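Each chain, letter by letter, is given below.
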Amino acid sequence: MPLRVDDVPLQAIESIAAEVVTAVSVKRSVWNHWNLMAEASKQTMDLRFATTADREVVVAMVVDAAQVQSVTLTPPELAISPVRFQREDGTSVFRPRHSVKYSSHAIIAAEQQLLERSEAVGGPTVRQAVTARVIAHSQGSLSSQQRAALESITASGRVVDLLVGPAGAGKTTGMRALRSAWITQHGRGSVIGLAPSAAAAQALADDLGVACDNTAKWLTEFDPGRAVLREGQLLIVDEATLAGTATLDRITGIAEDSGAKVLLVGDPYQLQSVEAGGAFSLLVDRRTDAPELTEIHRFAHKWEKHASLALRRGEVEIVSTYARQKRIREGLTDEMLDQAYDAWRADSASGKASILVTDSSRAVRALNERARRTHPARRGGRRARGRARRRQPRVHR
């Protein structure tokens, strides 16, 4: 039977609002009225209402309750605006409508615990003589920044440490030296690699030559005791910007209780977590002496080093530099997609690992379908088709 507003008890409104806050807080560290509205509409989608007006009123009641259950981050107005500067609901016209920001007690508590652990000392270290020996054996392959970062991380005694740097700055080289120093001091198996995704974990394992896992799997294994952490071990969490706040809170909490150390590696200017995140950027902002690598080694042309850092900082005017260097191509959408596909297919035919990137969901589907139809590995019968499915690179948005 279709529901009227009066048929929905306040207890049900409060219950749905709690589910809304829980769902939103999984995806976001901070949210607003419209995020709650979207989730409330989703949570009530299966309910049948007598009229559209009944549905809208119930959704609005759920949103109001969810706002009460959230933690308000936006400070209140210090003075009441004159009547002529007020809207019908009494809010000031000088403050954008529904601009209040919210969070949750759980997220705020997790961020606070991460900050406290990042300042806590008493964690495992490496003797200065061991670090110096590793640097000497590097035969000059470490830059001055990498040596300084290695010395800082091994001697800091911080339970949660940081290594910051853009792509191409030599973070992997620095982590290899750190692994060598740590294993020398604490023995084989004392370094564990973690990353938010299986692909990133595999890349880290290939780079460091140590056991690596994705964070979700490692936590799943740890809960029943299939994964253990002992005193003196080092957990390196690569691509830490992609790790959610709750995930980092759990991992660092386990490390603190075990007498281990966590090193978060990443770049706060890069992509953030699809879950409630931002913890890595928060830790970097709060710490003024975090080891940071800024010297770019990956590019062959000097101008690219400067341009990549400017692009990383969001300086849009640097795009003109790429245009002057003939790095930007233009054309009609279909023509550009054809050229991108042809370049990808040429790479694949020559044995290169290649990827197509586009910002359009429609283009992603079209390019994926085209690649599956024409990929060389798909020809030659059932076995070839099976290999094509496994090897087929995906187009990303």
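All values reported here derive from a predicted model rather than from experimental measurement.

Some words on the overall build of the protein
Thinking step 1. A count of helices and strands for the protein gives 16 helices and seven strands.
Thinking step 2. Here the C-alpha coordinates of the protein stretch approximately 75 × 60 × 50 Å along the principal axes.
Thinking step 3. Each of the 397 residues in the protein was classed as buried or not, and the buried ones make up 42%.
Thinking step 4. At a minimum sequence separation of 6, the contacts of the protein that also span at least 24 residues come to 72%.
Thinking step 5. Surface accessibility of the protein: about 22700 Å² in total, with carbon and sulfur atoms responsible for 52%.
Thinking step 6. Taking the 54 positively charged and 45 negatively charged side chains of the protein as two groups, their mean positions are separated by 10 Å.

Brief notes about empty space enclosed by the protein
Thinking step 1. With the rule as written, the count across this model stands at one cavity of 30 Å³ or more.
Thinking step 2. One number sums up the size of the largest cavity: a volume of about 50 Å³.
Thinking step 3. Looking at the largest cavity, the residues that line it are Gln146, Ala149, Leu150, Ile153, Leu163, Gly174 and Leu178.
Thinking step 4. Contributions of two or more residues to the lining of the largest cavity are made by α6 (144–155) and α7 (171–186).
Thinking step 5. When residues in the lining of the largest cavity are grouped by element, the largest group, four residues, is from α6.

Some points on the environment of Ile13
Thinking step 1. With respect to the secondary-structure elements, Ile13 resides in helix α1 (residues 10–27).
Thinking step 2. With relative accessibility at 4%, the residue Ile13 sits in the buried group.
Thinking step 3. The spacing of Ile13 and Ala65 is 52 residues in sequence and 7.3 Å in space, taken between C-alpha atoms.
Thinking step 4. Residue contacts for Ile13: discarding those within four places in its chain leaves Val8, Val58, Met61, Val62 and Ala65.

So, the pattern of salt bridges
Thinking step 1. Scanning the model with the defined rule gives 15 salt bridges in all.
Thinking step 2. Arg158 serves as the salt-bridge partner of Asp289, at 3.8 Å between the closest nitrogen and oxygen. Taken together, the residues Asp289 in the loop between α11 (279–286) and α12 (302–312) and Arg158 in the loop between α6 and β3 (160–164) connect sequence positions 131 residues apart.
Thinking step 3. Accessibility expressed as a relative area gives 46% for Asp289, which makes it partly exposed.
Thinking step 4. A relative accessible area of 16% means that Arg158 is categorised as buried.
Thinking step 5. The salt bridge involving Asp223 is made with Arg250; its shortest N-O contact spans 2.7 Å. Placement of the pair is Asp223 in the loop between α9 (215–222) and β6 (234–237) and Arg250 in helix α10 (residues 245–258), with a sequence separation of 27 residues.

A few points about unusual backbone geometry
Thinking step 1. One non-glycine residue, Glu239, lies in the positive phi region at around 50°.
Thinking step 2. By secondary structure assignment, the location of Glu239 is in the loop between β6 and α10.
Thinking step 3. Phi is positive for Lys326, which is not a glycine, with a value near 65°.
Thinking step 4. Mapped onto the secondary structure, Lys326 falls in the loop between α13 (319–324) and α14 (333–349).

A closer look at the packing of aromatic side chains
Thinking step 1. On inspection of all chains with the given rule, the structure shows three aromatic pairs.
Thinking step 2. An angle of 75° between the planes, with centres 5.4 Å apart, marks the rings of Trp303 and Tyr322 as edge-to-face. Taken as a pair, Trp303 in helix α12 and Tyr322 in helix α13 lie far apart in primary sequence, 19 residues in all. Assigned by exposure class, Trp303 and Tyr322 land together as buried.
Thinking step 3. Ring geometry for Tyr341 and Trp344: centres 5.6 Å apart, planes at 40°, overall tilted. Of this pair, Tyr341 and Trp344 both sit in helix α14, three residues apart, which is roughly one turn of the helix. Comparing Tyr341 with Trp344, the two get one shared label, buried.

A few points about α11
Thinking step 1. Along α11, the positions that sit buried rather than exposed are Ala279, Phe280, Ser281, Leu283 and Val284.
Thinking step 2. Next to the buried residues of α11 lie α4 (105–119), β3, α10 and β7 (261–266).

Notes on the layout of surface pockets
Thinking step 1. Estimated volume of the largest pocket: approximately 390 Å³.
Thinking step 2. Those elements that place two or more of their residues in the lining of the largest pocket are α7 and α8 (198–208).
Thinking step 3. Of the residues that constitute the lining of the largest pocket, the class distribution is seven nonpolar, seven polar and six charged.

Points about the pairing of β7
Thinking step 1. For β7, the buried fraction is high: six of the six residues fall into the buried class.
Thinking step 2. Alternating positions in β7 separate into two faces, Lys261, Leu263 and Val265 on one and Val262, Leu264 and Gly266 on the other, with burial throughout.
Thinking step 3. In terms of strand pairing, β3 meets β7 through five bridges, oriented parallel. Residue Val164 lies in a different strand from β7, and its bridge partner there is Gly266.
Thinking step 4. Two strands pair when backbone bridges link them, and β6 and β7 are joined in this way by four bridges, in the parallel orientation.

Thresholds applied
- Residue numbers restart at each chain and count upward from 1, following the sequence in its written direction.
- Given that the model is predicted, a residue must reach a pLDDT of at least 70 before its local features are reported, and side-chain atom pairs must reach 80 or more before they are shown or counted; all residues, however, enter totals for whole chains, interfaces and linings.
- Heavy atoms throughout the structure, all of them, feed into the side-chain values; hydrogens and water do not.
- By the criteria applied, helices consist of DSSP H or I runs no shorter than four residues and strands consist of E runs no shorter than two, each listed in order from the N terminus.
- Three exposure classes are used, based on accessible area relative to the maximum for each residue type with a 1.4 Å probe and protein chains only: buried under 20%, partly exposed in between, and exposed over 50%.
- Contacts are assigned to residue pairs with any non-hydrogen atoms lying within 4.5 Å of each other.
- Shrake-Rupley sampling with a 1.4 Å probe provides the accessible areas, and residues are treated as covered by the protein chains on show and by no other component.
- When charges are counted, Lys and Arg contribute as positive and Asp and Glu as negative, whereas His and the chain ends are disregarded.
- Note that the charge is assigned to NZ on lysines, CZ on arginines, CG on aspartates and CD on glutamates.
- Think of a 1 Å grid over the protein atoms and nothing else: a 1.4 Å probe that fits but is trapped marks a cavity, an open set flanked by protein within 12 Å on at least five of seven lines marks a pocket, and residues with an atom within 4 Å of a point count as lining.
- Grid points are joined across faces, edges and corners, and a volume is the space filled by probe spheres set on the points.
- By convention in these notes, a salt bridge is any Lys or Arg side-chain nitrogen within 4 Å of a carboxyl oxygen on Asp or Glu.
- Stacked, edge-to-face and tilted are the three classes for Phe, Tyr and Trp ring pairs, Trp counted by its six-membered ring, which pair at centre distances within 6.5 Å; planes under 30 degrees apart are stacked, over 60 edge-to-face, the rest tilted.
- Note that Gly is not counted as nonpolar here; it falls among the polar residues with everything else outside the nonpolar set of Ala, Val, Leu, Ile, Met, Phe, Trp, Tyr, Cys and Pro and the charged set of Asp, Glu, Lys and Arg.
- Two strands form a pair only when DSSP identifies at least two bridges running between them.

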